[in-house]
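Residue-level structural notes
The primary structure of each chain is shown beneath.
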Amino acid sequence: MSENILPSNEIRGKFISFEGGEGVGKSTQVKILADHLVGQGIDVVLTREPGGSVGAEEIRQLLLKGEAVKWDPMTEVLLFYAARVDHLKKIILPALERGQWVITDRYADSTFAYQGAGHGLGHEIIAQIHRITTQDFWPDMTILLDADPKHGLARAHQRESIIAENLREDRFEKMGEKYHKCLRDEFLNIAAKNPDRFFTVSANDTIQKIDSRIWKHVKIAFNLN
Ligand code: Z5A
C-alpha cells in the first residue's frame, strides 16, 4: 500500500497552478496574481515545478539542462514525480495546512502534456503514477495561458541566448515546433475535460489585459472583494 502523504488536518489554503507552453507569460502572471492576493490580506507562497523545494531544485538541474534526448521518457516522468512528491511534502502541503495560498508555476498537467502527449507515454500511465504518488492531489484552480507556440518560443529563445550555454535550462525548447504544437493541443484538451478546475486565457494580449481577466475570475471563484 502506498504511503499517505496528505495531511491529516483539514487543508485551509487554496492551491492555484499556472500552465501553458514555453514563454507564454506564466511567471509574469504568477507574480501579479500573488500581489493581488497579498493586497487582500492573503498569505501567499509562490513556487514552481520542476523545483520549489531544495531536493526538487536539484532534480530540476537533471531535467532541464543538456540534450533533448537525454532521458528515456519513463525515466523522465519518474524524475518529475520524484521532484513533485518532495515539493508537495515539504512546501505545498505544509503551506496549505497553515492556511497559506500556494501559487505554482506548473504542476502535474505539464507532465500529462509534455511527457504524456509530447513524448507519447499516454494519459493512463501518468494518471496511475499521479494517483500512487500524490493520492490524486490537484489544484483548486488551474489557469492555462494559451498561445501559438511560435510566440512563446521566440520569447524563450531570446532569454536563453544571453545565458552561458552550460547554464541554459533549454532542454525542452530544443524539441522542435511539432512537439510544442502537440503540447498546446493537449493543454487545451485537458482544460476541456476539466472545466470546473481550468480557466483558459489567451496569452496573445498585453500583460495588463491578461491579468485583469485572471483576477476577475479568481475574485469570483473564491468570493474575494
Ligand atoms: N516540464 C515537463 O516537461 N514536465 C513537467 O511535469 C513539468 C515541467 C512540471 C520548465 O521550464 C520546463 O519543464 C518546461 C516544461 C517542462 N519546458 N521548458 N522549457 P521553465 O520553468 O524554465 O520554463 P517555462 O515553464 O516554459 O517558463 P518560461 O520559459 O520561464 O516562460 P513563462 O514563465 O511562461 O514566461 P515569462 O517568464 O513570464 O515571460 C517570458 C518573457 O515574455 C518575459 O520577458 C516577459 O516579460 C515577457 N512577457 C510575459 N507576458 C507577456 C505579454 N503578455 N506580452 C509580451 N511580453 C510578455
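Heads up: the structure comes first, above all this text.
Okay, so let's go over this structure.

**Re the environment of Glu76**
Relative to the helices and strands, Glu76 resides in helix 3 (residues 73-98). Along the backbone, Glu76 and Thr111 are 35 residues apart, and their C-alpha atoms lie at a distance of 9.6 Å.

**Quick word on unusual backbone geometry**
That bond from Glu49 to Pro50 is cis: its omega, -10°, falls within 30 degrees of zero. Tracing the chain through its elements places Pro50 in the loop between strand 2 (44-48) and helix 2 (54-64). With a phi angle near 85°, Arg106 is a residue other than glycine that sits in the positive phi range. For Arg106, a relative accessible area of 12% translates into the label buried. In this structure, Asn223 takes a positive phi of about 55° despite not being glycine. With respect to the element layout, Asn223 can be found in the segment after helix 8 (207-221). Residue Asn223 is classed as exposed on the basis of its relative accessible area of 71%.

**Description of the packing of helix 3 against helix 5 (residues 123-134)**
At a closest axis distance of 11 Å, the pairing of helix 3 and helix 5 adopts a crossing angle of 30°. Between helix 3 and helix 5, the angle falls in the class roughly parallel. In the packing of helix 3 onto helix 5, the handedness of the crossing is right-handed. Of helix 5, the residues touching helix 3 (which contributes Met74, Val77, Leu78, Tyr81, Val85 and Leu88) are Ile125, Ile126, Ile129, His130, Thr133 and Thr134.

**A closer look at helix 1 (residues 26-39)**
Look at helix 1: 20 Å from first C-alpha to last across 14 residues, which is about the 20 Å you get at 1.5 Å a residue. Listed as buried for helix 1 are Lys26, Gln29, Val30, Leu33, Ala34 and Leu37. Each buried residue of helix 1 sits inside an arc of 140° when the element is viewed along its axis, so together they form one side. Counted as exposed and oriented over 90 degrees from the buried face of helix 1: Lys31, Asp35 and Gly39. As for helix 1, its buried residues are in contact with strand 1 (15-20), strand 2, strand 3 (101-105), strand 4 (141-146) and helix 8. Just downstream of helix 1, Gly41 is the residue with a positive phi angle, here 85°.

**Focus on the sheet that holds strand 4**
Pairing between the strands of a sheet comes from backbone hydrogen bonds, and it takes one of two forms, parallel or antiparallel. A sheet is described by the order of its strands in space; here five strands give the open sequence 2-3-1-4-5, paired in parallel fashion. Of all the strands in the sheet, just strand 2 and strand 5 (198-202) have a single pairing partner and so form its edges. Adjacent strand axes in the sheet meet at a mean angle of 20° when their direction is disregarded. Pairing of strand 1 with strand 4 involves five bridges; the strand directions are parallel. Residue pairing in the sheet places Phe18 in a bridge with Ile143 of strand 4.

**With respect to the site of the ligand**
Not every one of the 28 residues close to the ligand is listed here, only the nearest: Glu22, Ser27, Thr28, Arg106 and Thr111. Between Gly23 and the ligand, the recorded distance is 3.2 Å, taken from a backbone N or O atom to an oxygen atom. Within the side chain of Lys26, a nitrogen or oxygen atom sits 2.6 Å from an oxygen atom of the ligand. Coverage of the ligand by the protein amounts to 81% of the 1,000 Å² it exposes when considered alone. For the shell around the ligand, the secondary structure elements donating two or more residues are helix 1, helix 2, helix 3, helix 4 (108-118), helix 6 (149-161) and helix 8. The element best represented in the shell around the ligand is helix 4, accounting for four residues. Of the residues assigned to the shell around the ligand, the class counts are nine nonpolar, eight polar and 11 charged.

**A word on the pattern of salt bridges**
Scanning all chains against the criterion turns up nine salt bridges. Between Glu57 and Arg48 there is a salt bridge, and its shortest N-O distance comes to 2.7 Å. By relative accessible area, which is 33% here, Arg48 ends up partly exposed. Asp86 is the partner of Lys90 in a salt bridge, and the nearest nitrogen-oxygen pair spans 2.6 Å. Here Lys90 and its partner Asp86 are both found in helix 3, four residues apart, which amounts to about one turn of the helix. Owing to a relative accessible area of 54%, Lys90 belongs among the exposed residues under this scheme.

Basis of the calculations
- Residues numbered from 1 in each chain as written.
- Predicted model: local features only at pLDDT ≥ 70, side-chain atom pairs only at ≥ 80, totals over all residues.
- Heavy atoms only, no water.
- Helix = DSSP H or I, 4+ residues; strand = E, 2+ residues; numbered from the N terminus.
- Buried < 20%, exposed > 50% of the residue type's maximum accessible area, 1.4 Å probe, protein only.
- Axes fitted to C-alpha atoms, helices over the stretch in contact; angles between N-to-C directions.
- Parallel < 35°, antiparallel > 145°, perpendicular 65-115°, else oblique.
- Left-handed = near helix turned anticlockwise from the far one by under 90°.
- Contact = heavy atoms within 4.5 Å.
- Expected span 1.5 Å × (residues − 1).
- Arc of directions from axis to C-beta.
- Pairing = 2+ DSSP bridges.
- Near = heavy atom within 4 Å.
- Polar contact = N/O pair within 3.5 Å; in protein donor to acceptor, adjacent residues only side chain to side chain.
- Areas by Shrake-Rupley, 256 points an atom, 1.4 Å probe, with all protein chains shown as cover.
- Nonpolar A, V, L, I, M, F, W, Y, C, P; charged D, E, K, R; others polar.
- Salt bridge = Lys/Arg side-chain N within 4 Å of Asp/Glu carboxyl O.

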